[in-house]
Each structure stands twice: as structure tokens, then as C-alpha cells.
Amino acid sequence: QLSAIATYNRVAAELTEKITELDSVDQLVDMLELITNAFVDISNQEHQQLENFLKSLAKRLERMSGFVERTVAYGKQVNDDSRMLDESLQHNVSDIRNSVNSSMSLDEVKSSVIGKMDQIVDMVALFRERQKNNEAQLSQDVDKLQDQLAATQDESSRLRDELAEQKARAHTDQLTSLPNRYS
């Protein structure tokens, strides 16, 4: 934006100087060509800035979409892990009950209960580890998303300021500093 303003101001100064030196139609044609080229250059710069912003916005939206997809997948994974843990606990408790009912000695019951309890402990540990990893990944994603949101808000504010500045420039003649008649 600053380069466009600098270019516009430079061209405006050149035009002001050349207007005072005009003494032929050929010079007027040259000046009109200079004015046309200046406006085309400024317009191209501003279009390029807008295009770059839109590309940046598209990338941010793509990353946000990825975050949403990962969050949904995380929710599904939590549900699947919880269901698996629940099924495993029910199966192991049922096995303990059956072994208590079918065992002939206390040693058999102890051995069976200890084996099943070890399986339960392992399943709970696995569940907790998966949850911890998922939460860490989700936390990283949230941090990245917050950074992206802050960058988007900064860029939005910058563009809002630039738009206000361009609107003011559009309503004021840069050569004379007088309001345009359409203001």
C-alpha cells in the first residue's frame, strides 16, 4: 500500500510540474499517456495486493478446515476409544465372574483375577495415553488456530485502514487537495 501511495504522490508531483510547462498538444498527449500509465500501474499494484490477501485468506481457511476435520476426527476417536475400553472392561469383568464361578481352587481364582486385572490396567493405560496424545495434538492445533486468527484480524484491520485511506483519496483531488465534485 505504501508503495502505491508513494508512486501516486511521485506521479502527482511530476504531473503538477509538467502541467506548468505545457505549450503544445503533443506535450498534452504525452502527459495524458503518463497519467494513464500511472493509474494502470497503481491499479495493478492494488490488484496484486488484493490478490495476495485473498490467497493468504484461502490458505488460512484451508488450515481452519483442516483443524475442524481433525477436531471431528478427535471426537470420533475419543468415542471409539471409550467404547473399546467399555467393551474390554465388560468382557474382562465377565471373564472374572466366570472364572470365579468355574474355578476349583482359590489359587485358580487369584491367577485368573490377577491376569484379567492386568489386562484391565493395560487397557486403561492405553486409553489414557491415546487421550493424552490426542489432547496434546488438539492443543497444538488450537494454538496454531489462535495465531492464525490473530494474523487474520491484524490483516483485516490493516485492510480496513487502507480502504478508509483509499476512500479518502478517492474523495479528494490529489493535485489540488480539493474535494472531488462527486464526494
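Residues numbered from 1 in each chain as written. Predicted model: local features only at pLDDT ≥ 70, side-chain atom pairs only at ≥ 80, totals over all residues. Heavy atoms only, no water.

1. Here we look at the overall build of the chain
Short version of the rule: Numbering of helices and strands runs from the N terminus, with a helix taken as a DSSP run of H or I at least four residues long and a strand as a DSSP run of E at least two residues long. Atoms counted for the radius of gyration: C-alpha only. Globule rule: 2.2 Å times residue count to the power 0.38. Accessible area is worked out with a 1.4 Å probe on protein chains only. A residue is then buried under 20% of its type maximum, exposed over 50%, and partly exposed in between. We call two residues contacting when some pair of their heavy atoms lies within 4.5 Å. All accessible-area figures derive from a Shrake-Rupley calculation using a 1.4 Å probe, and residue coverage is judged against the displayed protein chains alone. Just so you know, the count uses Lys and Arg for positive and Asp and Glu for negative, and it drops His and the chain ends. To locate a charge, the coordinates of NZ of Lys, CZ of Arg, CG of Asp or CD of Glu are taken.
Counting its regular elements, the chain contains three helices and zero strands. Relative to its length of 183 residues, the chain is extended, with a C-alpha radius of gyration of 35 Å against a globular reference of 16 Å. The 183 residues of the chain split such that 20% are buried. Residue pairs at least 24 apart in sequence account for 68% of intrachain contacts in the chain once pairs closer than 6 positions are excluded. In the form shown here, the chain has an accessible surface area of approximately 13300 Å², with 57% of it arising from carbon and sulfur atoms. Within the chain, one finds 21 positive and 32 negative side-chain charges whose respective centroids are separated by 6 Å.

2. Side note on the confidence of the model for the chain
Formally: Residue-level confidence of the predictor, termed pLDDT, takes values from 0 up to 100.
The predicted model of the chain averages 83 in pLDDT, with 95% of residues at 70 or higher. The least confident element of the chain, judged by mean pLDDT, is helix α1 (residues 2-21) at 71; the most confident is helix α3 (residues 106-170) at 88.

3. Structural notes on the side chain of Asn 92
The residue Asn 92 is located in helix α2 (residues 25-102) in this model. Setting aside chain neighbours within four positions, we find Asn 92 in contact with Lys 116, Gln 119 and Ile 120.

4. Observations concerning a nonpolar patch on the surface
Operational definition: Patch rule: a residue counts if its relative accessible area is over 30% and it has no salt bridge; like charges are joined within 9 Å, and nonpolar side chains (Val, Leu, Ile, Met, Phe, Trp, Tyr) within 5 Å. Between Lys or Arg on one side and Asp or Glu on the other, a salt bridge is scored when a side-chain nitrogen of the former is within 4 Å of a carboxyl oxygen of the latter.
A contiguous nonpolar patch, built from Ile 19, Leu 22, Leu 28 and Leu 32 and spanning about 320 Å² of accessible area, is present on the exposed surface. Relative to the helices and strands, Leu 28 is located in helix α2. Assessed through its relative accessible area of 38%, Leu 28 is described here as partly exposed.

5. Observations concerning the side chain of Glu 155
Note on placement: Glu 155 falls in helix α3. A relative accessible area of 15% means that Glu 155 is categorised as buried. Apart from residues lying up to four places away in sequence, Glu 155 is in contact with Phe 53, Ser 56 and Arg 60.

6. Here we look at the environment of Val 68
Counting through the fold element by element, Val 68 comes out in helix α2. Sequence spacing of Val 68 and Asp 141 is 73 residues, and the spatial spacing of their C-alpha atoms is 9.6 Å.

7. Quick look at the pattern of salt bridges
Going through the model one piece at a time under the given rule, you end up with nine salt bridges. The salt bridge partner of Arg 130 is Asp 81, with a shortest N-O separation of 3.2 Å. Of this pair, Arg 130 sits in helix α3 while Asp 81 sits in helix α2; the two residues are 49 residues apart in sequence, bridging distant segments of the chain. Relative accessible area serves as the criterion here: at 3%, Asp 81 is assigned to the buried category.

8. Thoughts on the packing of α2 against α3
So the rule is basically this: To get an axis, a line is fitted to the C-alpha atoms, and for a helix only the part in contact is used. The angle between two axes follows their N-to-C directions and goes from 0 to 180 degrees. Put simply, angles under 35 degrees are roughly parallel, angles over 145 are roughly antiparallel, angles from 65 to 115 are roughly perpendicular, and the rest are oblique. For any helix crossing, the convention is left-handed if the near helix is rotated counterclockwise from the far helix by under a right angle, and right-handed if that rotation is clockwise. Only Asp, Glu, Lys and Arg are considered charged in this grouping, and only Ala, Val, Leu, Ile, Met, Phe, Trp, Tyr, Cys and Pro are considered nonpolar; every other residue, Gly among them, is considered polar.
Two elements in contact, α2 and α3, have axes separated by 9 Å at closest approach and are oriented at 165 degrees. Taken together, the axes of α2 and α3 lie roughly antiparallel to each other. In the packing of α2 onto α3, the handedness of the crossing is left-handed. Per-class residue counts for the contact of α2 with α3 are 23 nonpolar, 15 polar and 13 charged.

9. Observations regarding α3
Along an α-helix, residues three or four apart share an orientation, since each turn contains 3.6 residues. Spelled out, the test is: Between the first and last residue of a helix there are one fewer steps than residues, each counted as 1.5 Å, and that sum is the expected span.
Its 65 residues give α3 an end-to-end C-alpha distance of 93 Å, which sits within 8% of 96 Å, the value for a rise of 1.5 Å per residue. Those residues of α3 that fall on the buried side of the exposure criterion are Val 109, Ser 112, Lys 116, Ile 120, Phe 127, Gln 131, Asp 141, Leu 145, Gln 148, Glu 155, Glu 162 and Arg 169.

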